[in-house]
Amino acid sequence: MNKIFVSAIVFVFSTFVFLQCTRETASEPEPTIITEPVSTDPNVGCTDAAATNFKSTATEDDCSCKYDYLSKVSTKTPQDFTRKVLLEEHSGTWCGWCPLAKETSKKLTVSPSVISVEIHYNDEMTADKDKIYNPLKNKYGHPAWPSGMVNRRKSIVGSTFIIGESEWTVNVNDLLKTEKLPVGIALESSLNDKELTLMSHVKVNTATEDAYGLGIYLVEDKVAGFPQANYASRNTLFQKYEAYTLPSMIENILHENVARDAIAPLIGGLNIPAAAIKNGKVYKKLFKITLPNSVIIKENCQIVAFLMNQKTNEIVNVQIAPVGKLKDWD
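Before going into details, it helps to say that this report is about the structure given with it. In this text, all values refer to a predicted model and were calculated from it rather than measured experimentally.

## Focus on the overall build of the chain
Moving on, step 1. Along its length, the chain carries 5 helices and 17 strands.
Moving on, step 2. Put simply, the chain has 330 residues, and 47% of those count as buried.
Moving on, step 3. The contacts in the chain between residues at least 6 apart in sequence include a share of 70% that link residues at least 24 apart.

Spelled out as structure tokens, the structure:
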């Protein structure tokens, strides 16, 4: 086979391969980048001064805020979200009946759909009263100990928001009969020494005339070093409780999800814009705080964010995420 013939074959084959590659490449559509139009209305836009696209004239937030934060939360949201329930416990190390409530809370929170927060009063773990205890007391009444609220809803076996430990289980189970909701929360955060950066995401899939607010606790889990009084110790009326077998002062107790701070207001919450409630847009909000000095082990801190109905003052859904971790939509 002469050189001219070989060269011709190589040329034809190379041309064929080139054409094939060209056809395949040309058949792939160019990616389309869809960007939401920026409102020309001076009163509509991003109202958050911490955002990179803050609009100083805007009075109506259109959920367009962008932040200097690399988000890893999925841009695709589910049609429905898992129902979760918030149990807010009133507690204190001096409260001798509180070990009974702690046992009930521990049993309930075995389910990932139940989230608890311990609100301590008049002990070494009491947080800023003006941010946590006083707002709750002024809205829902002065608590007894132990007592708590389940989604801040009136008890189904009574008429009060603040209810005793014996009613927690029936109220939690009643709420969990509804497994899915049209409202969800995703959380992501980073921790640099004691500086916490939190990005919250809220999605409302069904348009509603209700008004929603976002409340956020900073809690510390597994807090040790604070002995707990225990009146159930060797008290025959409480033999069904583990506390019956424990000493009258429990030295090695771990306090679960102790409220340390309120990142967003606990009453009313941070207003969710109408663009999210009526038009289904994802509402994002960036928070930056310094961990309070009360935090002992910063790695044990968690974020508990809840969405509340501002008309009824009841909690609609809640989410929890350890600091520095991503909790995507679920």
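There is more to say, and it comes next.
## Structural notes on the environment of Tyr 69
Moving on, step 1. Residue placement: Tyr 69 occurs in the loop between strand S2 (60-61) and strand S3 (81-82).
Moving on, step 2. Taking the C-alpha atoms as reference points, Tyr 69 and Leu 286, separated by 217 residues in sequence, lie 8.5 Å from one another.

## Quick notes on the packing of helix H2 (residues 98-108) against helix H4 (residues 168-175)
Moving on, step 1. It is at 10 Å that the axes of H2 and H4 come closest, and there the two elements cross at 20°. For the element pair H2 / H4, the angle class is roughly parallel. Handedness of the crossing formed by H2 with H4: right-handed. Here H2 contributes Ala 101, Thr 104, Ser 105 and Leu 108 to the contact with H4, which in turn contributes Trp 168, Thr 169 and Val 172.
Moving on, step 2. For the contact of H2 with H4, the residue count by class is 4 nonpolar, 3 polar and no charged.

## Quick look at the sheet that holds strand S15 (residues 283-290)
Moving on, step 1. Ordered by their spatial adjacency, 3 strands build an open sheet running S8-S9-S15, and the pairing between neighbours is antiparallel. A single partner strand is all that each edge strand has here, and the edge strands are strand S8 (183-192) and S15. With strand direction ignored, the average angle separating the axes of adjacent strands in the sheet is 15°.
Moving on, step 2. Across 10 bridges, the pairing between S8 and strand S9 (residues 195-204) is antiparallel. By the bridge assignment, Leu 187 is partnered in S9 with Ser 200.

## Observations concerning H4
Moving on, step 1. When H4 is considered as a whole, its buried residues turn out to be Trp 168, Asn 171, Val 172 and Leu 175. Buried residues of H4, viewed axially, fall in a sector of 100°; they line one side.
Moving on, step 2. Among the structural elements, strand S4 (85-91), H2, strand S5 (114-120) and strand S6 (147-150) are those in contact with the buried residues of H4.

## Structural notes on the nonpolar core
Moving on, step 1. Judged by nonpolar contacts, the single largest core of 30 residues is most densely connected at Ile 216, Leu 218, Ile 263, Ile 272 and Ile 303.
Moving on, step 2. Of all the secondary structure elements, the ones that give two or more residues to this core are S8, S9, strand S10 (212-220), strand S13 (258-264), helix H5 (274-279), S15, strand S16 (301-309) and strand S17 (315-322).
Moving on, step 3. With near-sequence residues (within four places) excluded, Ile 303 lies in contact with Leu 187, Leu 196, Leu 198, Ile 216, Tyr 217, Leu 218, Ile 263, Gln 319, Ile 320, Ala 321 and Val 323.
Moving on, step 4. Of all hydrophobic cores here, the second largest spans 21 residues; its members include Leu 86, Ala 259, Met 308 and Ile 320.

## Some remarks on the pattern of salt bridges
Moving on, step 1. One pass over the structure, following the stated rule, counts 12 salt bridges.
Moving on, step 2. In this structure, the salt-bridge partner of Glu 88 is Arg 152, at a minimum N-O distance of 2.9 Å. One end of the pair, Glu 88, is in strand S4; the other, Arg 152, is in the loop between S6 and H4, and 64 residues separate them in sequence. Both residues of the pair, Glu 88 and Arg 152, belong to the buried class.
Moving on, step 3. In this structure, Lys 131 and Asp 261 form a salt bridge, with 2.7 Å as the shortest nitrogen-oxygen distance. In this pair, Lys 131 sits in the loop between S5 and helix H3 (133-140) while Asp 261 sits in strand S13, placing the two residues 130 residues apart along the sequence.

## So, the environment of Thr 93
Moving on, step 1. Here Thr 93 lies in the loop between S4 and H2.
Moving on, step 2. Taking the C-alpha atoms as reference, Thr 93 lies 9.0 Å from Asn 230; in sequence the two are 137 residues apart.
Moving on, step 3. Not counting residues up to four positions away in its chain, the partners in contact with Thr 93 are His 120, Asp 123, Glu 124, Met 125, Phe 226, Pro 227, Gln 228, Ala 229 and His 255.

## Brief notes about the pairing of S16
Moving on, step 1. Among the 9 residues that make up S16, 9 are buried, leaving the element largely enclosed by the rest of the structure.
Moving on, step 2. Burial of S16 is two-sided: the residues Cys 301, Ile 303, Ala 305, Leu 307 and Asn 309 facing one way and the residues Gln 302, Val 304, Phe 306 and Met 308 facing the other way are all buried.
Moving on, step 3. Here S10 pairs with S16 via 9 bridges, running antiparallel. Pairing of Ile 216 across the sheet is with Ala 305, part of S16.
Moving on, step 4. Pairing of S16 with S17, which is carried by 7 bridges, proceeds in the antiparallel orientation. Counterpart to Gln 302 in the pairing with S17 is Pro 322.
Moving on, step 5. Counting the residues between successive antiparallel strands, the hairpin from S16 to S17 contains 5 residues, one of them, Asn 313, with a positive phi of roughly 65°.

Rules of the game
- Residues numbered from 1 in each chain as written.
- Predicted model: local features only at pLDDT ≥ 70, side-chain atom pairs only at ≥ 80, totals over all residues.
- Heavy atoms only, no water.
- Helix = DSSP H or I, 4+ residues; strand = E, 2+ residues; numbered from the N terminus.
- Buried < 20%, exposed > 50% of the residue type's maximum accessible area, 1.4 Å probe, protein only.
- Contact = heavy atoms within 4.5 Å.
- Axes fitted to C-alpha atoms, helices over the stretch in contact; angles between N-to-C directions.
- Parallel < 35°, antiparallel > 145°, perpendicular 65-115°, else oblique.
- Left-handed = near helix turned anticlockwise from the far one by under 90°.
- Nonpolar A, V, L, I, M, F, W, Y, C, P; charged D, E, K, R; others polar.
- Pairing = 2+ DSSP bridges.
- Arc of directions from axis to C-beta.
- Core = buried A, V, L, I, M, F, W, Y, C linked by side-chain atoms within 4.5 Å.
- Salt bridge = Lys/Arg side-chain N within 4 Å of Asp/Glu carboxyl O.

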